[in-house]
Amino acid sequence: MEVHFTPDVQAKLDRLVTETGRSASEFVQDAMAGYVDELAEVRSTLDRRYGDLKKGIVKPISGDEVFARLRAKSAARRAEHP
């Protein structure tokens, strides 16, 4: 497989290779392994949350409710620290 990077990313990768003596391939494999692990974890979390919604364990909230809660928290903080 061949991977192409933007010039700035390639320059950073080249600098790491020079500074550490590790190969570019090692860095790319490490980065992809971490990314894939994180993606699998996020996917698992989303699947669980979706299952919770379908089972009625949690209730969805609207964007308006989210903003109202954030505004209330901000107002409370301002009241505590005038």
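Use the structure listed above.
Computed from a predicted model, the values in this text were never measured in an experiment. (Residues numbered from 1 in each chain as written. Predicted model: local features only at pLDDT ≥ 70, side-chain atom pairs only at ≥ 80, totals over all residues. Heavy atoms only, no water.)

Student: Please clarify how the overall build of the protein chain should be interpreted in this entry.
Tutor: Of the regular secondary structure elements, the protein chain holds 3 helices and 0 strands. For the protein chain, the succession of helices and strands along the chain, N to C, is α-α-α. For a compact globule of 82 residues, the expected C-alpha radius of gyration is about 12 Å, and the protein chain comes in at 22 Å, more than 25% above that figure. Over its C-alpha atoms, taken along the principal directions, the protein chain stretches across nearly 55 × 45 × 20 Å. The 82 residues of the protein chain split such that 4% are buried. Only carbon and sulfur atoms are counted for the fraction: they give 58% of the accessible area of the protein chain, which is about 7400 Å². (Helix = DSSP H or I, 4+ residues; strand = E, 2+ residues; numbered from the N terminus. Rg over C-alpha atoms; globule rule 2.2 N^0.38 Å. Buried < 20%, exposed > 50% of the residue type's maximum accessible area, 1.4 Å probe, protein only. Areas by Shrake-Rupley, 256 points an atom, 1.4 Å probe, with all protein chains shown as cover.)

Student: I would appreciate a short explanation of the packing of helix H1 (residues 7-20) against helix H2 (residues 24-55) in the present structure.
Tutor: For any two helices packed against each other, one specifies the inter-axial angle together with the distance between the axes. For the pair H1 and H2, interaxial distance at closest approach is 9 Å and the crossing angle is 115°. By crossing handedness, the relation of H1 to H2 is classed as right-handed. Residue-level inspection shows Leu13, Leu16, Val17 and Thr20 of H1 in contact with H2, the latter providing Ala24, Phe27 and Val28. Split by residue class, the contact of H1 with H2 holds 6 nonpolar, 1 polar and no charged. (Axes fitted to C-alpha atoms, helices over the stretch in contact; angles between N-to-C directions. Left-handed = near helix turned anticlockwise from the far one by under 90°. Contact = heavy atoms within 4.5 Å. Nonpolar A, V, L, I, M, F, W, Y, C, P; charged D, E, K, R; others polar.)

Student: I tried to follow H2 on my own but got confused; where do I start?
Tutor: Two residues of an α-helix separated by three or four positions point the same way, owing to the 3.6 residues in each turn. Under the 1.5 Å per step criterion, the end-to-end length of H2 is 46 Å for 32 residues, consistent within 8% with the ideal 46 Å. Phi turns positive one or two residues past the end of H2, at Gly56, with a value near 80°. (Expected span 1.5 Å × (residues − 1).)

Student: Please explain the pattern of salt bridges as it appears in this structure.
Tutor: A side chain of one charge can pair with a side chain of the opposite charge when the charged atoms of the two come close. If you walk through the whole model with that rule in mind, you get 3 salt bridges. Put simply, Arg22, Glu26 and Asp30 are held in one network by salt bridges that share partners. (Salt bridge = Lys/Arg side-chain N within 4 Å of Asp/Glu carboxyl O.)

Student: Before we go on, may I ask you to explain a nonpolar patch on the surface in this structure?
Tutor: A cluster of nonpolar side chains, namely Met1, Val3, Phe5 and Val9, defines an oily patch on the protein surface of about 440 Å² accessible area. Along the polypeptide, Phe5 turns up in the segment before H1. The exposure class assigned to Phe5 is partly exposed, which follows from its relative accessible area of 33%. (Patch = residues over 30% accessible without salt bridge, like charges linked within 9 Å, V, L, I, M, F, W, Y side chains within 5 Å.)

Student: Which parts of the structure should I look at to understand a positive patch on the surface?
Tutor: Taken together, the side chains of Lys59, Arg69, Lys73 and Arg77 make up a positively charged region of the molecular surface. Inspection of the secondary structure puts Arg77 in helix H3 (residues 63-80). Using a relative accessible area of 52% as the deciding quantity, one classes Arg77 as exposed. (Lys, Arg positive; Asp, Glu negative; His and termini not counted. Charge placed at Lys NZ, Arg CZ, Asp CG, Glu CD.)

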